[in-house]
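Spelled out from the first residue to the last, the chains are:
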Amino acid sequence: MLKVNSMATVDEAPGFSRMFRVGRLTLGVFFPIEAYTGDEASMHDQERLAQRAQALGYAALWVRDVPLRDPSFGDLGQIYDPWVYLGWIAAHTQTIALATGSIVLPLRHPLHVAKAAASVDRLSGGRLVLGVASGDRPVEFPAFGVDIERRAALFREYFEVIRRVLEREYPTLTSTAGVLAANADLVPKPVGRLPMLVTGNSGQPLPWIAGHADGWITYPRGIDRQAETVGRWRDEVHAAKPGAFKPFVQSLYVDVADDPHLPPTPIHLGFKAGRHFLLRFLDSLRVVGVNHVILNLKYGARPASEVLEEIGTEVLPALADAQGDKLVGGELEPGDAEVNETLAPQH
């Protein structure tokens, strides 16, 4: 617990290995697992739904870092502090990965982030995947006394501090956050090598992300556009570390209709459709190289528990079959016209 496992690799981490495999696509779900209007979720029954997601074979449960309520954003995430909530959910689950979508590094002391992350990782048996970001809500920066214009530089600096204190014992380092002079150590250490993913660009060029992060979390796009983005990512990863596997992750809002054959119509950062189209869309993402899709059920017309169940019993098994080179509903190719014409924001 107090020593670094210097022989560990990121792909051996239980959370990472549940979520990511070369050439495969898995599904996760954002908290709150709930359909609701406005920015306030009820957070009712989340523990049972988390356990059900685990039993159904979802790969990960995701939390977000939203320290302050900004009505203009219309989204508070899971409301509770991400570290407190991860500890709570870790205690209610056993095997499903636990992931953060966007711990805002410039607003947090990096030693606090590192200690919280290592603690959750230890208590959950190595299930944490740490996604970090530079922040995108301008109202938060003055509240925390941080110059928003410095967020990219602070992100890069704090990212390196977290890496060093988690992967070394008694390191020496100097940063904007403070000085560590090899006379104190950050404990606990994670179970192995803690996976760190970058959300969005976080003010960094893609080569920096490919060279420093263990994976990249980005936004939904049309299939052809996402294929181009995956291609750029793979090229940068190869240039930074030839032969390395660094997963490509995206979010997706879905409103899964009662009618399984309903064609797609656009919603914010996703679409409304029946499960047959959802399966085709997800498998097309797999074909172009997406490794994990984080589903957000906020805008659903049906109860999230029903949608979680339907995806878990109908879509996940079909995806598994498709990834075993079996056909599901005909040939699934990124050139599918209906899939390509689905409107999604072009980030």
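Since we're looking at a predicted model, the values are computed, not measured.

Colleague: What am I meant to see in the packing of aromatic side chains here?
Modeller: The geometry of an aromatic ring pair comes down to the distance between the two centres and the angle between the two planes. Under the definition given, this model contains 13 aromatic pairs. Consider the rings of Phe271 and Phe277, whose centres lie 5.0 Å apart with planes at 80 degrees: the pair is edge-to-face. Taking the relative accessible area as the measure of exposure, Phe271 reaches 3% and is therefore buried. Look at Phe271 and Phe281: their rings are 4.9 Å apart centre to centre, the planes differ by 70 degrees, and that puts the pair in the edge-to-face class. Of this pair, Phe271 sits in strand E11 (residues 270–273) while Phe281 sits in helix H9 (residues 275–288), placing them 10 residues apart in sequence. For the pair formed by Phe271 and Phe281, the shared burial category is buried. Directly above the ring of Phe30 sits Arg64, whose terminal nitrogen or CZ lies 4.8 Å from the centroid.

Colleague: Sorry, what's going on with the packing of helix H4 (residues 110–123) against helix H6 (residues 151–167) here?
Modeller: Two quantities define a packed helix pair, namely the angle between the axes and the distance from one axis to the other. Across the interface, H4 lies against H6 with an axial gap of 9 Å and an inter-helix angle of 45 degrees. Judged by the angle between their axes, H4 and H6 are oblique. Seen from above, H4 lies across H6 with right-handed handedness. In contact with Pro110, Leu111, Val113, Ala114 and Ala118 of H4, H6 contributes Tyr158, Val161, Ile162, Val165 and Leu166. A class-by-class count of the residues in the contact of H4 with H6 yields 10 nonpolar, no polar and no charged.

Colleague: Help me out: how do you make sense of the pattern of salt bridges in this one?
Modeller: Oppositely charged side chains may form a pair once their charged atoms are brought near each other. As enumerated under the stated definition, the model contains 17 salt bridges in all. Linking Arg69 and Asp39 is a salt bridge whose minimum nitrogen-to-oxygen distance equals 2.8 Å. Of this pair, Arg69 sits in the loop between strand E2 (60–63) and helix H3 (82–92) while Asp39 sits in the loop between strand E1 (26–30) and helix H2 (46–56), and the two are 30 residues apart along the sequence. Looking at Arg69, the relative accessible area reads 53%, which means it is exposed. The partner of Arg193 in a salt bridge is Asp214, and the shortest N-O contact between them spans 2.8 Å. On the criterion of sequence distance, the pair formed by Arg193 in the loop between strand E6 (178–181) and strand E7 (196–199) and Asp214 in the loop between helix H7 (206–212) and strand E8 (215–218) is long-range, its members being 21 residues apart. According to the relative accessible area criterion, Asp214 is buried, its value standing at 6%.

Colleague: Looking at this structure, how should I read H4?
Modeller: What sets the pattern is the α-helix's 3.6 residues per turn: residues three or four places apart point alike. Between its first and last C-alpha, H4 extends 20 Å over 14 residues, near the 20 Å set by a 1.5 Å rise per residue. Here the buried face of H4 lies against H3, strand E3 (97–104), strand E4 (128–133) and H6. Backbone geometry just downstream of H4 places Gly125 in the positive-phi region, at approximately 75 degrees.

Colleague: It is not clear to me how the nonpolar core should be interpreted in this structure. Could you clarify?
Modeller: Within soluble globular proteins, side chains that are nonpolar generally end up buried alongside one another. Residues Leu27, Leu61 and Trp83 are the most contacted members of the largest nonpolar core, which totals 86 residues. Residues contacting Leu27, with those up to four places away along its chain left out, are Tyr58, Ala59, Ala60, Leu282, His292, Val293, Leu295, Ile311, Leu316 and Leu319. With 16 residues, the next largest nonpolar core counts Val10, Met19, Phe20 and Ala60 among its residues.

Colleague: What is the right way to read the side chain of Gln250 from this model?
Modeller: Inspection of the secondary structure puts Gln250 in strand E9 (residues 248–256). Gln250 has contacts with Thr218, Tyr219, Pro220, Gln226, Leu285, Val290, His292, Val293 and Ile294, leaving out every residue within four places of it along the chain.

Colleague: Explain H9 to me, please; I cannot follow it from the model alone.
Modeller: Taking 1.5 Å per residue, 14 residues should reach 20 Å; H9 reaches 20 Å between its end C-alpha atoms and fits that length. Counting buried positions over the 14 residues of H9 gives 10, a clear majority of the element. Within H9 the residues assigned to the buried category are Phe277, Leu278, Leu279, Phe281, Leu282, Asp283, Ser284, Leu285, Arg286 and Val288. Gly289 occupies a position one or two residues after H9 and carries a positive phi of about 110 degrees.

Colleague: How should unusual backbone geometry be read in this particular structure?
Modeller: The phi angle of most residues is negative, glycine excepted, and most peptide bonds adopt the trans form. For the bond running from Phe31 to Pro32, omega is -5 degrees, close enough to zero to count as cis. Mapped onto the secondary structure, Pro32 falls in the loop between E1 and H2. Although it is not a glycine, Met43 sits at a positive phi angle of roughly 60 degrees. When you line up the elements, Met43 lands in the loop between E1 and H2. With relative accessibility at 10%, the residue Met43 sits in the buried group. Residues other than glycine seldom take positive phi values, yet Ser202 does so here, at roughly 50 degrees. With respect to the helices and strands, the residue Ser202 is situated in the loop between E7 and H7.

About the criteria used
- Residues numbered from 1 in each chain as written.
- Predicted model: local features only at pLDDT ≥ 70, side-chain atom pairs only at ≥ 80, totals over all residues.
- Heavy atoms only, no water.
- Phe/Tyr/Trp six-rings, centres within 6.5 Å; stacked < 30°, edge-to-face > 60°.
- Buried < 20%, exposed > 50% of the residue type's maximum accessible area, 1.4 Å probe, protein only.
- Helix = DSSP H or I, 4+ residues; strand = E, 2+ residues; numbered from the N terminus.
- Lys NZ or Arg CZ within 6 Å of the ring centre and 35° of its normal.
- Axes fitted to C-alpha atoms, helices over the stretch in contact; angles between N-to-C directions.
- Parallel < 35°, antiparallel > 145°, perpendicular 65-115°, else oblique.
- Left-handed = near helix turned anticlockwise from the far one by under 90°.
- Contact = heavy atoms within 4.5 Å.
- Nonpolar A, V, L, I, M, F, W, Y, C, P; charged D, E, K, R; others polar.
- Salt bridge = Lys/Arg side-chain N within 4 Å of Asp/Glu carboxyl O.
- Expected span 1.5 Å × (residues − 1).
- Core = buried A, V, L, I, M, F, W, Y, C linked by side-chain atoms within 4.5 Å.

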